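Residue-level structural notes
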Protein chains: 2
Amino acid sequence: MGKDIIKPSILAGFMELIPSDQILFNNMLDTIRKNYEKFGFLPIDTPVIEKAEILLAKGGGETEKQIYRFQKGDTDLALRFDLTVPLARYVAQHYSELTFPFRRYHIGKVYRGEKAQRGRFREFYQCDIDIIGNGSLDIKNDAEIPGVIYSTFKDLDFGEFTIKINNRKVLNGFFQSLGIENPVDVLRSIDKLEKIGKMAVMEELESIGLDSTVIDKIFHFINIKGSNKEIIANLKKLDIENELFKKGLEELEAVNHYVGIFGVPESNFVIDLTISRGLDYYTGTVYETFLNDYPQIGSICSGGRYDDLAGYYTKQKLPGVGISIGLTRLFYQLKEANLIKSQDQSLSKVLVIPMEDCLDKAIETAAKLRENDINTQVYLEEAKIGKKFSFADKLDIPYVVVIGPEEVNNNTYSLRNMKTGEQVVVPLEELLNIINKNSK
Amino acid sequence: MGKDIIKPSILAGFMELIPSDQILFNNMLDTIRKNYEKFGFLPIDTPVIEKAEILLAKGGGETEKQIYRFQKGDTDLALRFDLTVPLARYVAQHYSELTFPFRRYHIGKVYRGEKAQRGRFREFYQCDIDIIGNGSLDIKNDAEIPGVIYSTFKDLDFGEFTIKINNRKVLNGFFQSLGIENPVDVLRSIDKLEKIGKMAVMEELESIGLDSTVIDKIFHFINIKGSNKEIIANLKKLDIENELFKKGLEELEAVNHYVGIFGVPESNFVIDLTISRGLDYYTGTVYETFLNDYPQIGSICSGGRYDDLAGYYTKQKLPGVGISIGLTRLFYQLKEANLIKSQDQSLSKVLVIPMEDCLDKAIETAAKLRENDINTQVYLEEAKIGKKFSFADKLDIPYVVVIGPEEVNNNTYSLRNMKTGEQVVVPLEELLNIINKNSK
């Protein structure tokens, strides 16, 4: 054709997988979805493109810099950068059509044009659940969320994990009692404790203008350790006369009580007073989740309680609680850490290979297997038998059924187990039995 | 907070569903995916944003006008407008990592900024399969595609449907034999036959410059009707000495032979010589699919065979065959035609309602049900019993389990079937039996 060829490539910061990895990724998505549905969350799906004024109603900060925003005709458009702002807009817009408490899950791609770097993505999947109350929402919902996290990550099977919780009212009330009205800078410093060490954090707190008595009290506070019950007892012993603190402590105690009843073992659930989830969005319980053997991956599932979901779009007060799993980054990091089990990379259970002139019977065999819910493909190209077997091998298809003249005459099927090499000649019923037995 | 409220809304031309509809939509997506996997198609997922030069390699026409294209920093970006161009780029880019014939499915959103009108969408799901050969691809693959269409639409259960096929070589060869080298205008006119009638099409063909003998021959050709075998026999009788025509006829005959073996009943599969799938992309078999009782919806699943998938990105010759279901538009039209069955709008099977002080047992009950793979939620808010039942009602949850002091003491469960109103008090095992028996 004489035309130029353009080198095929995708943009930096976007993840694209080969099919065997895509199957593993989709397995994770399916597992997350199944668990979200198990707890009664309803699906929604919002447009990837929205009006810029809607997505940027809150505005400011990193969001505004990172957002993909553009004009089409006269319209100012943007790509969603999370699933929370679309949820707020959705609940406000469809308020009268929804039943509250509204439990929704949303699994979809979001876009952030941030600086490309290893392990950071500009397009990534978020898997969110939120429970939205109409006017109020019981604290027991905050205790159910770790139940969902536990169920999900147990199924995902990446190894031992710990759900850490804290309460922003406890933190803010404590800081208020020290005369710190806007604790954002303090929280940011504390967040860095693991990374930069105690001395550096103390210096930062000094530079904010805190005196050493206050700094001591802060360190005393975040050093409260022990079992969840001990931490709660120690917080009570602080005897802090601050309404916000007291309310937070009450919430923390309630959540801790109910989490166990929701089926989360004590070993998977700890109160950690250094968890704050930055910024000003959360107003109560906050969650982070860590893989015990891979803390360097950071939190793999985070979220919290907020007082007012959709204040930019409605006068209704809509408190909620939710979490998010950033699956694209998580998948990348699990792959890097060799934590993804790679069995079941094939969706097809059977490749049917026709010998010469036996194609009709081969196609009929495939149809019969599919009728029995066995994913099956037929090798349809002209090729040597070795190439046909190597096709099954490359795609990790566990069974090959060979149909030759003998099989046609005797109405039998030659079945080869591609892992063991074992080969048997059997009638249809036994064929189905063997494949079904070994593919659960 | 005193801030202004922005009226929540989405852009024109975007579909957003309430959860009960989203469940139905997702059921369709799941059914399509299950069928694609049953035939051995592998999943891929490509970025929604790509380099504009990649997506517009072919360029020209409607595509260029409709595409969402924008700058971010120095980069010229665009949103994908179909899943075929990304497939071509993907196969060229990952060529050495793929096993051919490469069967892939791709279910994802695509974007076209076309004029907003009823039933047309700017963001919509496409559900595509393609089989890509390396250098060559056997014609039998063209016969398997209707097998996938049949299996999928049988499962989707929208009523009787017909897969219509034709072959572009038959059409082009026939037109060549009439001296028409570029039949695009002729094909476009014939495409309008149903809409504007025979007289108007004849006038159009005259205005293109065809003489009446040629026009007569064209009408004789497209009027060839009968069973598939009769049509093939009649095409042979035309005795057209054109290599392309002969090759196409051979392909059509082969496809017709194997389609039956792939399990498609004769009543669901007809050769229709007026099907052409416009334009220049397809080079062999073409497919369209219609609901027998709703022809006005138009084709619900279309596609065909092409010689060269990725010529813009690689020198490898990659012939293929595939189809696409435009699910967003289809869902919209089926809803309009009241063709979507609305049973199973709830994903949750059970709502557990705690009476006063019985919350712990209620939460434990929910955990037990979930362990048995029963999607369950607990009503956690303080409310009157009537409001709790009405919650189940509004969400179409089929069962309510009430846990009161009596149930706690006797270790029993009050189960109400929300459809029949029937209520029983049973031990756990029977509870599980009843729910499992009725939720298959």
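The number of helices and strands found in chain A is 17 helices and 16 strands. By principal-axis analysis of the C-alpha atoms, chain A measures approximately 90 × 55 × 50 Å. Buried residues in chain A amount to 43% of all 440 residues. A separation threshold of at least 6 residues defines the contact pool for chain A, and within that pool the share at least 24 residues apart is 68%.

What follows is about the sheet that holds strand E9 (residues 285-291) of chain A. The strands that make up a sheet pair up through hydrogen bonds in the backbone, lying either parallel or antiparallel. Reading across from one edge, E1-E5-E6-E11-E10-E9-E7-E8 (chain A) is the order of the 8 strands in this open sheet, with mixed pairing throughout. The strands lining the two open edges of the sheet, one partner per strand, are strand E1 (42-43) and strand E8 (269-271) of chain A.

Further remarks concern the packing of helix H11 (residues 228-237) of chain B against helix H12 (residues 243-261) of chain B. Residues and elements named next belong to chain B. Where H11 meets H12, the axes come as close as 11 Å, and the angle between the chain directions of the two elements is 165°. In terms of axis orientation, H11 runs roughly antiparallel to H12. By crossing handedness, the relation of H11 to H12 is classed as left-handed. The residues of H12 that touch H11, namely those facing Asn228, Ile232, Leu235 and Lys236, are Leu249, Leu252, Glu253 and Asn256. Among the residues forming the contact of H11 with H12, the class breakdown is 4 nonpolar, 2 polar and 2 charged.

On the chain B side, the residues contacting the 74 residues of chain A number 76 residues. Here the side of chain A that touches chain B gets 6 residues from one element, more than from any other, and that element is helix H1 (residues 19-38) of chain A. Looking at the side of chain A that touches chain B residue by residue, the classes come out as 34 nonpolar, 17 polar and 23 charged.

Where a protein is soluble and globular, its nonpolar side chains tend to be buried together. Counting 231 residues, the largest nonpolar core has A:Val91 and B:Val91 as the members making the most contacts within it. The residues contacting B:Val91, other than those within four sequence positions of it, are B:Leu98, B:Phe102, B:Ile132, B:Leu309, B:Ala310 and B:Leu318.

Residues and elements named next belong to chain A. Ordered in space as E13-E12-E14-E15-E16, the 5 strands form an open sheet in which the pairing is mixed. Single-partner strands in this sheet number two, and they are strand E13 (376-378) and strand E16 (423-426). Geometrically, the sheet is characterised by an average inter-axis angle of 25° between neighbouring strands, direction not taken into account. The pairing of strand E15 (residues 413-417) with E16 spans 4 bridges and is antiparallel. Bridged to Tyr413 within E16 is Val426. Sheet contacts for helix H14 (residues 359-371): strand E12 (350-354), E13, strand E14 (399-403) and E15; angle to E13, the most-contacted strand, approximately 170°. Those strands touched by helix H17 (residues 428-438) are E12, E14, E15 and E16, and its axis lies near 15° from that of E15.

Residue and element names in this part refer to chain A. Along the chain, Asn292 turns up in the loop between E9 and strand E10 (302-306). The exposure class assigned to Asn292 is exposed, which follows from the 11 C-beta atoms found within 10 Å. Residues Asn292 and Phe161, spaced 131 residues apart in sequence, show a C-alpha to C-alpha distance of 5.0 Å. Look past the residues within four positions of Asn292 in its chain and what remains in contact with it is Gly159, Glu160, Phe161 and Thr162.

With that settled, consider the relation of the copies chain A and chain B. Mapping chain A onto chain B is achieved by rotating through 180° and translating by 0.0 Å along the same axis, at an RMSD of 0.0 Å. Classification of the inter-copy transformation places it as that of a two-fold axis. Rotation axis and chain A: the residue whose C-alpha lies nearest the axis is A:Phe70, separated from it by 3.0 Å. The residues that chain A uses at the interface reappear at the interface of chain B in 100% of cases, marking a shared surface.

To continue, consider the domain arrangement of chain A. Residues and elements named next belong to chain A. You can read the domains of chain A as domain 1 (11-148 + 293-339), domain 2 (160-279) and domain 3 (350-438). If you average the C-alpha positions of domain 1 and of domain 2, the two centres end up 26 Å apart. The interface is formed by 10 residues belonging to domain 1 together with 13 residues belonging to domain 2. Breaking the side of domain 1 that touches domain 2 down by element, the ones donating at least two residues are helix H5 (140-156) and E10. With 6 residues, H5 is the largest single contributor of residues to the side of domain 1 that touches domain 2.

Residue and element names in this part refer to chain A. With 5 of 5 residues buried, E12 is to be regarded as a mostly interior element. One ladder, built from 3 bridges, connects E12 with E13; its direction is parallel. Bridge pairing links Val352 to Val378 in E13. Crossover E12 to E13 through H14 is right-handed. Bridge count for E12 against E14 is 5 bridges, and the pairing is parallel. Residue pairing across strands places Ile353 opposite Val402, the latter belonging to E14.

Thresholds, definitions, all that
- Residues numbered from 1 in each chain as written.
- Chains lettered and ligands numbered in written order.
- Predicted model: local features only at pLDDT ≥ 70, side-chain atom pairs only at ≥ 80, totals over all residues.
- Helix = DSSP H or I, 4+ residues; strand = E, 2+ residues; numbered from the N terminus.
- Buried ≥ 20, exposed ≤ 12 C-beta atoms within 10 Å, placed from the backbone.
- Contact = placed C-beta atoms within 7 Å.
- Pairing = 2+ DSSP bridges.
- Axes fitted to C-alpha atoms, helices over the stretch in contact; angles between N-to-C directions.
- Parallel < 35°, antiparallel > 145°, perpendicular 65-115°, else oblique.
- Left-handed = near helix turned anticlockwise from the far one by under 90°.
- Nonpolar A, V, L, I, M, F, W, Y, C, P; charged D, E, K, R; others polar.
- Core = buried A, V, L, I, M, F, W, Y, C linked by C-beta atoms within 7 Å.
- Least-squares fit on C-alpha atoms with pLDDT ≥ 70 in both.
- Domains from an automatic or database assignment.
- Right-handed = clockwise from strand over helix to strand, strands pointing away.

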